[in-house]
Amino acid sequence: TKMGERLKLILWICLSILAFLGIFWCGKQDRNLLRTNADNLPSPNKVSELIQHLNIKFVRIYDANIDVLKAFANTGIELMIGVPNADLLAFAQFQSNVDTWLHNNILPYYPTTKITSISVGLEVTEAPDNATGLLLPAMRNIHTALKKSGLDKKIKISSSHSLAVLSRSFPPSSATFSKKHLAFLKPMLEFLVENESPFMIDLYPYYAYRDSSEKVQLEYALFESSSQVVDSATGLLYSNMFDAQLDAIYFALTAMNFKTVKVMVTESGWPSRGSPKETAATPDNALAYNTNLIRHVVGDPGTPAKPGEEVDVYLFSLFNENRKPGIESERNWGMFYANGTSVYALDFTGESSVPVSPSNSSTTSPGPSSSPGNSTVIIGGGGGARKWCVASSQASVTELQTALDWACGPGSVDCSAVQPDQPCFEPDTVLSHASYAFNTYYQQSGANSSDCSFGGVSVEVDKDPSYGNCLYMIAPSTDGMNRTMAGNITGNITAIDSPMASPSSSSDGYRQMVVSVAASVLLPLFVVSLSLW
């Protein structure tokens, strides 16, 4: 890397926060189409504190959420604001709607809150109600509103898309945009060129492997292949699927005479848990993919078609989302649980040149006495003893089962971790399963002693009950919120960012309008998004 350049890796942190509900464009007018995908995550102020403690410099949110905008005032953190698909019609129809939105939701907080870009719509080609015809008019009206306020040169406008915008993606040199999307893509690309904005795309090798495992090698998807795939038309050699997918976008843009448009990968990642048929969704594979992706970008090899090409890549995501609908993997893309404990120990530095594979990765989260390379961030106050809540060994099986049923039912605890083939299923005893459920409820409720009663069949302990890959939430201290960043974090984290995952051309359904915060983690030479400045 040359002196004066920054390799920026932006890490998407999906933070679907309950407190974000109800804040929509133009004064909350009948726009209750957004949904939270987690109900156990911290408030906007707590998130802002966490991000500042990590020296994070880039954050993305999915609407102009007033509470969030206020939380990031005077922090110097750069925000990307989203316009939900549900608002595209109003934004496209009337300039006055956009002017009002800007006046009410952006201008009162700018520049105290550092808003630098607006992402309009989300994967519009995959939305249940095709909104492609509304996208460019909405983008133009937003640009007009910004120009009236003198902000058109300070705030960039673009829109993210799924790989399904292509009619084919392999071999990369044959990639072209789908004919049914050309009518809106061509003028949109002209708009991006005119305003020097990037083309945003979501790339998920995981979906390609999952849906075509008989054709795609897992090692190829995880950056671990010892062989290469040849593009017969160009002779270019591909050692991983990510590069092949990215080059497919480059070739498709070139075929439409938009070779100079920059590309930003707005989502990429790997789930740590899935349904029984999703055998590749494991902590080891998630760790391997994300670690190798970071190392690939830090090494700055570019792609076979564009060696050395500068690109931003957003890693999805920071937190698991316990209420996201769909199959099990939908709720398990995070690198951290809601309380800040790591799902797997990810090395954000990318300093090691040795690729991580499932066979040599480590998904065990270190405890309090972990090595100096680990970092614990205390949000909102000092230390305080950490405690957990577990089932009492003196309680009867009947009593424990009754309390367990309550915790996993009315108590709203996500008990999927104690199901067969999941990390906390073994030992298959009511005592063990109840301990996990009790502690989760205890943590989510604020870790007060009164939350660890369960009719007298539970006790508070100060020793971490985690074992193997079964990680127990860490109870926060009474005067602050613990955020344990377990792993080989050896540099100053200076940025983090996040959106929601999106399906490729698979039939997972369109993941629409998650109320989430993105945060990008700028590390020693990079911010968790991949870009060389």
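Residues numbered from 1 in each chain as written. Predicted model: local features only at pLDDT ≥ 70, side-chain atom pairs only at ≥ 80, totals over all residues. Heavy atoms only, no water.

## Some points on the nonpolar core
Consideration 1: Judged by nonpolar contacts, the single largest core of 99 residues is most densely connected at I81, W101, V120 and F199.
Consideration 2: Those residues in contact with I81 that lie beyond four places of it in its chain are I61, D63, A64, L69, W101, I106, I115, S117, I118 and S119.
Consideration 3: Counting 26 residues, the second-largest nonpolar core is a separate cluster that includes A395, V413, C424 and A437. (Core = buried A, V, L, I, M, F, W, Y, C linked by side-chain atoms within 4.5 Å. Buried < 20%, exposed > 50% of the residue type's maximum accessible area, 1.4 Å probe, protein only. Contact = heavy atoms within 4.5 Å.)

## Here we look at unusual backbone geometry
The phi angle of most residues is negative, glycine excepted, and most peptide bonds adopt the trans form.
Consideration 1: Residue P171 is reached from F170 by a cis peptide bond, and omega for that bond is -5 degrees.
Consideration 2: Mapped onto the fold, P171 is located in the loop between strand 7 (166–168) and strand 8 (176–177).
Consideration 3: The omega torsion of the bond from E426 to P427 falls at 0 degrees, within 30 degrees of zero and hence cis.
Consideration 4: Looking at where P427 falls in the secondary structure, it is placed in the loop between helix 12 (397–408) and helix 13 (430–444).
Consideration 5: Unlike most non-glycine residues, S412 shows phi in positive territory, near 60 degrees.
Consideration 6: Within the secondary structure, S412 is located in the loop between helix 12 and helix 13.
Consideration 7: The backbone of F454 shows a phi angle near 50 degrees, a positive value even though the residue is not glycine.
Consideration 8: For F454, the location among the structural elements is in the loop between helix 13 and strand 16 (458–461). (Helix = DSSP H or I, 4+ residues; strand = E, 2+ residues; numbered from the N terminus.)

## A word on the confidence of the model for the chain
Consideration 1: Averaged over all residues, the pLDDT of the chain is 75; the fraction at 70 or higher stands at 72%.
Consideration 2: Confidence drops under pLDDT 50 across residues 475–533; counting only partners more than four residues distant or on other chains, this segment forms 334 contacts. (pLDDT = per-residue confidence, 0-100.)

## A few points about the pattern of salt bridges
Consideration 1: Taken as a whole and judged by the stated rule, the model has eight salt bridges.
Consideration 2: In this structure, the salt-bridge partner of E328 is R273, at a minimum N-O distance of 3.9 Å. One end of the pair, E328, is in the loop between strand 13 (312–316) and strand 14 (375–379); the other, R273, is in the loop between strand 12 (263–268) and helix 11 (283–298), and 55 residues separate them in sequence. An identical accessibility class is assigned to E328 and R273; each is buried.
Consideration 3: The network of salt bridges with shared partners includes R210, D211 and E278. (Salt bridge = Lys/Arg side-chain N within 4 Å of Asp/Glu carboxyl O.)

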